[in-house]
Every structure is written in structure tokens, then in C-alpha cells.
Amino acid sequence: RDWKNSGVFIPGSGTVTFNGGNANQIQTINLGIKTNETFYNLKTSTTGTAKGISVVNQFELTVQNQLNLLKGNLRLTGEAQLVQNNDTSNPIDVQGILLIDQQGQKNSFNYNYWSSPVRFNTTSYSIASVLRDGTDVTTNPFNPALITFTDGAFSADTPATNPITISNRWLWAFNSPSLTDPLLNYYQWKYIGSTGAINIGEGFTMKGNGGVAAITAFQNYVFVGIPNSGTIQLPISANQSYLVGNPYPSALDAKQFIRDNLRDCSGCTNSKNIFNGALYYWDHFGLSNNHNLAEYEGGYATYTLMGGVAGINDSSLTLNNGASGSKIPKQYIPVAQGFFVDAFLDTDISGSEIPTSVDGGTLVFKNSQRQFVRESSGNSLFMKTNSSTKTNSSEIDDRAKIRLGFDSAIGAHRQLLVGIDPNTTNQFDIGYDAPMYDLSDDDMYWKMNNTQLIIEGVPNFNNDQVIPIGINIANEGDITIKTDVLENIPNTLEIYLYDNATGIYHDIKNSNLTLSLLKGKYTNRFSLHFANKTLSVDKVKLNDGILVYFTNDNKVLNIDNNFIDATVDKVYLFNILGQKIEDWTIDNGTQASIKLPIKNVRTGVYIVKIQTSKGNFSKNIIVH
């Protein structure tokens, strides 16, 4: 019969067996009663044509030890998930299977990166053996149709077929033995097709079906097979990039995965740093509606223990229009989500104070990394459009974070993340700091020694904290730097972008900074600060007591000093690029009314920097 539990069931150490025996019988667990259940061992042993067990959408099924689908299937509907606790594998010499849904891009010109949560043998799987057409799961949940796999590059671009068609041309894996950008080095991708062997835990690429479709249109797929459980290991060599993925029929805690594969971070348990501590997710967020690589619109979103940032389309081989995705990876990796890891770390990145190395070794997935977290909760995000804004209060991240935005002259937008964590330093912190995966010709990054970071963790936002910023400019024109989002930032915290060329502290918290930069790499000019060191209390009063203005009729810079005990010692004039135009040394006898001629300069905004006996400050003027 059905399992109905209105109270508390203590699973103990035994086995609950479902012995369905009626024709086409489907047994349910706590249908309409509870949204979860836990067993120690769970077994199906049906007879005749009985189908097995079905659990409803969003149901949390926990098996503490082993799931034995001896005969009879287990159907997880919608966002239902299976969590297993003990580090043990499930028997594979069985007749029953697990069936679990996941939705991917429907558009046949867009990629998703996948990883199978099921298998049919102990080491590997093929895509055709585990993936089914999930279009008709409402009326036929236990028998999804076989997908038609064809060899033509354009074979899935016609209107949807029944069953759906997937092109073998776009089914690839990546496990390069040397560090490469997977997007740039297509020759190092490994063709899989629908029948090639993929190791359990590895990922693969796949495009959608049915031709042109909206970015928000999805195809439901069903993974069928023996549910993966227990410890799953993948060897990764130093300097290797590897497309892997969540191998379980439940969400995977990315933080725990990172900690289980690193040595040098808080809570880390490995004897080595297996990879660099960052996860990279491909997000195909634009519609090219063709298979031309040069017109792909997508990028790699990044996640570390500090948080996630969206991807940007800035590869020289793709559309490279600077468009950014809207999807930011969360703590929990959804069912079947694939992602990249790199076993590489720039030798310049860690400095001499905290030497850090990445050695490669064995990537490990464990049942202890598994959690029941639904995508609709907002904390688990498959790399497809998700409109949910719900959050789980138990997973709220209350760390202070700044998402700093950069708009290039050609309209590209880059977002950087910096946040406070007591387990970090101002050096490289593996697991928290993320090297930039896709640096563009027009870009901004956190600068650490000679390496570019997209995510950085620091111990504080104190007055003496300085976070260097690098900027690349290939296309001259106006750029804008701004705070995209502030998370858990107190109203009292000041945030400044410091320009080393002009000595100006720009209040980036309350206003954007727009300036024009010439072509080049600005590696020592800009930095993020949390105090304006030119303005103490006395200096603010000083600024109020000294009037600075420019008169266009006589082309004179006027400085009226209303203080008796403060003298103006030096005056500098910079253009908006930070280039010094002129400087003056001021005589003590002319303090009350200082007049400095400015001639032969173009119309524009200029910066006046004033050094006084009580401190320095700056003022913008407009010259017509």
C-alpha cells in the first residue's frame, strides 16, 4: 500500500521494502500529509506490472544508508530530491531505476552544461543511456520517451519533434591536461556524442531542441538509471582544467565541496589544494539563433566561499559585446549542473607572506556534501533563467559585500565582488578569492601582485584598508565605475574610489565616477578605500573656509582663503585623465585672495588639488 506517516517515524537500522503487486500499481510516500520522509535502507521489490514509488514535487526523500531498486522504480517528480547520508554506493545489479527531472535551454542554439545524477555501471555512463524526453511526464511519468540523437549539426533546429531530437554535434566533455581557456581552445574539447563514455562526476555540453525558442523557454528532461551515491573521485593533474558536475540526485553544497578539496582555508579537510578554489559556470544568456561561435552570447559566472558573480560575454571568439548575464551562482549546485574547476594558480598571486600552491590530485564528491535545496528557494540556481526571488532564512549570508561595477566605453559591464570574512587576509586566500576566468581588453579587476581577481575576500573594511584595482582600456572614451549592489553595508560606512594620479577620493557609494581614459593598462592608479584621508574634521572645516572657483572672462583660478591660521602652500591642476597641467607654489603674502592664470587649455572638467598647512583637498572646476 501507500506509505502514510502522520507522526514521527524513526528509521533505526533496518529496511523498509515496498512490495507493490497490483497491476500498474504506483505507491506514494506521505502524499498530502508531509513533505519529507527518512528511511535507513529503502528497497523496492515489486511483482507483476507494479511500477514502484512516486514522490510529489518538492518532496525531500532521505535514505540514510542504501537504496536498493531491486525491482520497481522510484519516480522523483519536479523538484523532488533524494538525499543519502552514509558514504555508501547503491547496488547496480537491479531491475529498477530512479527517474528525476531537470530543465534545460529549449533553444537548439544554446548550451547547458550537464552532469548525470544516475548511471548503469560502476564507473561511467553515456548520454543516450541516462537521458530521456521529459515532455510528457504528467501523463506518463514512469516511461519517458527515448530521445532521437542525430549526427547533423542542424538536425535539432527544426520545430520540435515527438520524441525530441538532440544533435550529437554539440555533445562534448573537457579535461585538458594543461591550463587553457575552454572557450578559446576548441581543439582540446573531447567529442562524446550520445554513446561515448563519460566518467561519473564529469560534465558534458548539450544544446537544446526544436530550433528557435525564447531564452526563458525550457525543455524538461528525465535522467533514468541507478542513483549515484557514496564517494565519487576524479583525478585532476596540476595545471588541468576539468568540466565536472553535481553527480547526485540532490543539490550539492558548493561550500562543502570546496572545503573537501582544499587544504589552506578555514574548515578545509584535504591534505592538498586539489584546485584553485573557484567554480566556473557557463551561462548562455543571449540568443544568436545560429551555431556560429562568433555570435555566441554567454560567459562564465564564478563562485567561491565569498559568493558569486555573473558571467560576461567578452571572449574574442564569441560575440564579445560585453553583455553580462543576470544569473549569479548560489551556495547550492542544482541536480545535473556542470561546472569547470582549474588546478592552476598563478605563482605571482599569493605573495611571500602566505605561500599557496595548487597541486592537483583527486577531486572528491561525498554524500556529506548533499543537501535538499530546491531551485525555487533561490539558493540553488541552474544556469537558466530563474524568476524566483524567494530565500531560505536559514541560508542568509549576512557578510558585508560590495559589488563594484565597471562600464566600458563600448558598453561592456563587469561586476567585481569584495566582501568581509574573518577567515581571510589581504593576501590571496584560496577558496575565497577567484582568479578572473575571462579577462577582456576593456575590463576591471581586483589587482593582487600581478594577477587579476574577480572575487576577493578581506578581513575588514577599516579606515586603513586599501584594495588595489586594475583597469584595461582598449577602446578610448568614457568609462563609469559604480557600486552595483551593496549587501549588509551599514549606512555609516564610507566607500571611496581613490585616484592616485590626482589624489582625489571619489565617493563611489553615493555617486558614479565617469571619466575618459586613454588606451592602456592602469595597474597602479585606482584603489578602493573606506576613509577619505584628505578630510579629517579639521580638513572638512578647512574646505568650507577656502573658496575655489574659476572665472572664464579673465581665465583665472580664484582661491579665497578665509582662515587666519591656515595657509595654502601648493596648488596643482590636473585634467580628468589625471595628467598634471600645471602647479604653483603660493607665497605667504598672498593668502587672502590667490589668483592663478589658466591659459591655453581646452574646454572641460579639471581637478584642482590644494595643499595647505592643515591638510589637502581637491575641487573640480569647469573651464569653457
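Residues numbered from 1 in each chain as written. Predicted model: local features only at pLDDT ≥ 70, side-chain atom pairs only at ≥ 80, totals over all residues. Heavy atoms only, no water.

A. Summary view of the nonpolar core. Residues L279, V341, F461, I471 and L528 are the most contacted members of the largest nonpolar core, which totals 122 residues. Apart from residues no more than four positions distant in its own chain, V341 is found in contact with I236, Q240, S241, Y242, V244, F257, F275, A278, L279 and L363. (Core = buried A, V, L, I, M, F, W, Y, C linked by side-chain atoms within 4.5 Å. Buried < 20%, exposed > 50% of the residue type's maximum accessible area, 1.4 Å probe, protein only. Contact = heavy atoms within 4.5 Å.)

B. Representation of the sheet that holds strand 32 (residues 370-371) within the structure. Pairing in this open sheet of three strands is antiparallel, and the strands run 29-25-32 from one edge to the other. Edge positions in the sheet fall to strand 29 (332-333) and strand 32, since each of these pairs with one other strand and no more. (Pairing = 2+ DSSP bridges. Helix = DSSP H or I, 4+ residues; strand = E, 2+ residues; numbered from the N terminus.)

C. Quick look at the sheet that holds strand 9 (residues 81-84). Strand order in the open sheet formed by three strands is 3-6-9, and the pairing between neighbours is parallel. Taken across any chain shown, the strands that pair with only one partner, and hence form the sheet edges, are strand 3 (36-39) and strand 9. Ignoring which end each strand starts from, the neighbouring axes of this sheet average 15 degrees apart. Where strand 3 lies against strand 6 (residues 60-63), four bridges are found, and the strand directions are parallel. Considered in strand 6, the bridge of E37 is made with L61. (Axes fitted to C-alpha atoms, helices over the stretch in contact; angles between N-to-C directions.)

D. Region of interest: the state of the cysteines. Scanning the model with the defined rule gives one disulfide in all. Linked covalently through their sulfurs, C265 and C268 form a disulfide whose S-S length is 1.6 Å. Each of the two residues, C265 as well as C268, counts as buried. (Disulfide = S-S within 2.5 Å.)

E. Geometry of the confidence of the model for the protein. The share of residues in the protein with pLDDT of 70 or more is 88%, and the mean pLDDT across the chain is 87. Here residues 384-394 is modelled with pLDDT under 50, and outside its nearest four sequence neighbours on either side it reaches 23 contacts, counting other chains as well. Low pLDDT, under 50, characterises residues 536-540; the stretch is placed with five contacts to residues that sit more than four places away or in other chains. (pLDDT = per-residue confidence, 0-100.)

F. Region of interest: the environment of K34. Relative to the assigned elements, K34 resides in the loop between strand 2 (26-28) and strand 3. Here K34 falls in the partly exposed class, since its relative accessible area comes to 25%. Spatially, the C-alpha atom of K34 lies 8.8 Å from that of K4, the residues being 30 residues apart in sequence. Non-local contacts of K34, meaning those with residues more than four positions away in its chain, are made with N5, G7 and F59. Polar contacts involving the side chain of K34 include one to the main-chain carbonyl oxygen of G7, which spans 3.5 Å. (Polar contact = N/O pair within 3.5 Å; in protein donor to acceptor, adjacent residues only side chain to side chain.)

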